[in-house]
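Tertiary structure, described
Take a look at the letters that make up each chain.
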Amino acid sequence: MSTLTACNPASATQSRRIDYITPRANLHHDGEGYTLELEMPGVAKDGVEITVEDGKLTLTGRRAEEQSYGRPVYRERSQAEYRRVFDLDPSIDAGKITASMNQGLLTVRLQKSEAVKPRKITVA
Amino acid sequence: MSIIKYRNPELTTWSSFDRLSSLRDLLDSAFQLAGNASGFPENWTPALDVFEDEEKVTVRVELAGVTKDDFDISLQDDVLTISGERKAEAEQRGSESFRSERYFGTFTRSVTLPSPVKPDEVKAAYQDGVLTVTLPKAEEAKPRKIQVNLE
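Residues numbered from 1 in each chain as written. Chains lettered and ligands numbered in written order. Predicted model: local features only at pLDDT ≥ 70, side-chain atom pairs only at ≥ 80, totals over all residues. Heavy atoms only, no water.

This brings us to the pairing of strand β2 (residues 25-30) of chain A. For a regular strand, side-chain orientation follows a simple rule: the groups alternate between the two sheet faces. Extensive coverage of β2 of chain A is indicated by the burial of six of its six residues. Side chains A25, L27 and H29 of chain A project from β2 of chain A onto one buried face, and the interleaved N26, H28 and D30 of chain A project onto a second face that is buried too. Note: β2 of chain A against strand β3 (residues 33-39) of chain A, six bridges, orientation antiparallel. Directly across from A25 of chain A, in β3 of chain A, lies its bridge partner L38 of chain A. From the end of β2 of chain A to the start of β3 of chain A, which pair antiparallel, there are two residues. Sheet topology places β2 of chain A next to strand β5 (residues 96-100) of chain B; four bridges connect them, and they run antiparallel. The partner of N26 of chain A across the bridge, within β5 of chain B, is S100 of chain B. (Buried < 20%, exposed > 50% of the residue type's maximum accessible area, 1.4 Å probe, protein only. Helix = DSSP H or I, 4+ residues; strand = E, 2+ residues; numbered from the N terminus. Pairing = 2+ DSSP bridges.)

The structure is reproduced here in structure tokens:
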């Protein structure tokens, strides 16, 4: 099945020479479409960029400018941008993709186009 | 050439039972690893940064997807502890999971602060999934200018 399964193909990461980190993702599928959740802590709503091109869904998250908190004593958090690319299921209606950002969790809803949705047909 | 007593390989001593039991131990430990039914690790450790300047210590923790009500911040002596739970959203009916990389469940992170702080003036803010705890330094920890009279 060519659904949102392959991610981060080599071509997707070569466009710019910036280090990216891959956000953790959960993907659910139901009859109507897909729900994709990505963890992007530190990214505000306006730092998110979602593009659909050549059958690929690209999600980028840029962290908001951090203020200076002084001398770092201990650091684990990365400052890199988040980026992840998925192959888009052709049955998805690219015009109907919606997304919301809530406390660093990006939720993307991908609806299937009407033509491929499962439907019940009543026998007359 | 010497004569060696024939031993049936199928019945060689008790060592084969030892091998069997060690195989069982191995299997048990494998099942223990995958033990919890949820399929997620029992707990996770959020990434954390600590900063320090003359006035304060700042601790920043990545908690994406955890709601404000689901974590606690406590300070005991010079140890700051952040604990809580990331709750999985209720599964939608009839949905199947294609990817589950996110961690859910409880977490605890403790960090020893680099200098003494004023426990009554600790502030916390939660934005974009990052918790920022600001801990003003205790007076005795702040750098002081001392006037030295030269004679």
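Before going further, it helps to examine the interface of chain B and chain A. Size of an interface, as often reported, equals the accessible area lost when the parts are brought together. On the chain A side, the residues contacting the 36 residues of chain B number 39 residues. Interface area for chain B against chain A, summed over the two sides, is near 3400 Å², with a carbon-plus-sulfur share of 46%. Sorting the residues of chain B by area buried against chain A places F98, R99 and R102 of chain B first, and these three jointly supply 21% of that buried surface. Where chain B meets chain A, there are 10 salt bridges. Inspection of the region where chain B meets chain A yields 26 residue pairs in polar contact (both at pLDDT 80 or more). Listing elements by their share of the side of chain B that touches chain A, those giving two or more residues are β1 (48-52), β2 (56-62), β5, β7 (123-127) and β8 (130-136) of chain B. In terms of residue class, the side of chain B that touches chain A is made up of 12 nonpolar, 10 polar and 14 charged. (Contact = heavy atoms within 4.5 Å. Buried area = accessible area lost by both parts, 1.4 Å probe. Salt bridge = Lys/Arg side-chain N within 4 Å of Asp/Glu carboxyl O. Polar contact = N/O pair within 3.5 Å; in protein donor to acceptor, adjacent residues only side chain to side chain. Nonpolar A, V, L, I, M, F, W, Y, C, P; charged D, E, K, R; others polar.)

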